[in-house]
Amino acid sequence: MEQIARTSTQIGAALRRCRRSAGLSQAALAAKTKLRQATISAVEKGEAGTRLHTLVHVMAALGVEIVIRERTKAADNVEDVF
């Protein structure tokens, strides 16, 4: 399923949906990635400080990828986009 995410919170929520769709608990995903369950929780919450490497590792374990493209909504002010 294709999802659009523009904020760290939205990315985390999208990854949570992917994890649940795969039938994995946070603990199971943590074991699969060799990360702590708390790290998976932080990623899913979109917490600041998540390393890009960690995000990519979680995405690989879930079989998902990022696609970079121009925004679908043009706005003069960045706050208008969110």
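Note on numbering: residues in each chain are counted from 1, in written sequence order. For this predicted model, a pLDDT threshold of at least 70 governs which residues receive local features, and a threshold of 80 or more governs which side-chain atom pairs are given and counted, while totals over whole chains, interfaces and linings are taken from all residues. Note: side-chain values were computed over all heavy atoms of the structure, leaving out hydrogens and water.

Caption draft 1: Representation of the overall build of the protein chain in the model. A run of H or I in DSSP counts as a helix once it spans at least four residues, and a run of E counts as a strand once it spans at least two, with each numbered from the N terminus. Each helix and strand counted, the protein chain has five helices and zero strands in total. Secondary structure of the protein chain in N-to-C order comes out as α-α-α-α-α. Only protein chains enter the accessibility calculation, which uses a 1.4 Å probe. A residue is then buried if its area is under 20% of the maximum for its type, exposed if over 50%, and partly exposed in between. For the protein chain, with 82 residues in total, the buried portion stands at 28%. Any two residues whose heavy atoms approach within 4.5 Å at even a single point are treated as in contact. Considering only intrachain contacts with a sequence separation of at least 6, the fraction spanning at least 24 residues in the protein chain is 51%.

Caption draft 2: View of the packing of helix 1 (residues 8-21) against helix 4 (residues 52-62). All axes are obtained by fitting lines to C-alpha atoms, using only the stretch in contact for helices, and the reported angles, taken between N-to-C directions, cover 0 to 180 degrees. Look at helix 1 against helix 4: their axes get within 10 Å of each other, and the N-to-C directions meet at 30°. The angle between helix 1 and helix 4 falls in the class roughly parallel. Note on packing geometry: the crossing formed by helix 1 with helix 4 is left-handed. Residues Ile11, Leu15, Cys18 and Arg19 of helix 1 form the contact with helix 4, whose own contacting residues are Leu55, Met59 and Leu62. By definition in this entry, angles of less than 35 degrees are roughly parallel, angles greater than 145 are roughly antiparallel, angles of 65 to 115 are roughly perpendicular, and the rest are oblique. Note on convention: the crossing is left-handed when the near helix lies turned anticlockwise from the far helix by less than a right angle, right-handed when the turn is clockwise.

Caption draft 3: Expanded view of the nonpolar core. Only buried residues count toward a nonpolar core, which is a set of Ala, Val, Leu, Ile, Met, Phe, Trp, Tyr and Cys residues joined through side-chain atoms within 4.5 Å. Grouped together as the largest cluster of nonpolar side chains are 11 residues: Leu15, Cys18, Leu29, Ala30, Ile40, Val43, Leu55, Val58, Met59, Ala61 and Leu62. Counting only elements with at least two residues in this core, the list comes to helix 1, helix 2 (26-33), helix 3 (37-45) and helix 4. By residue number, the principal contributor to this core is helix 4, which donates five residues. The contacts of Leu15, once residues within four sequence positions are left out, are Val43, Glu44, Leu55, Met59, Leu62 and Val64.

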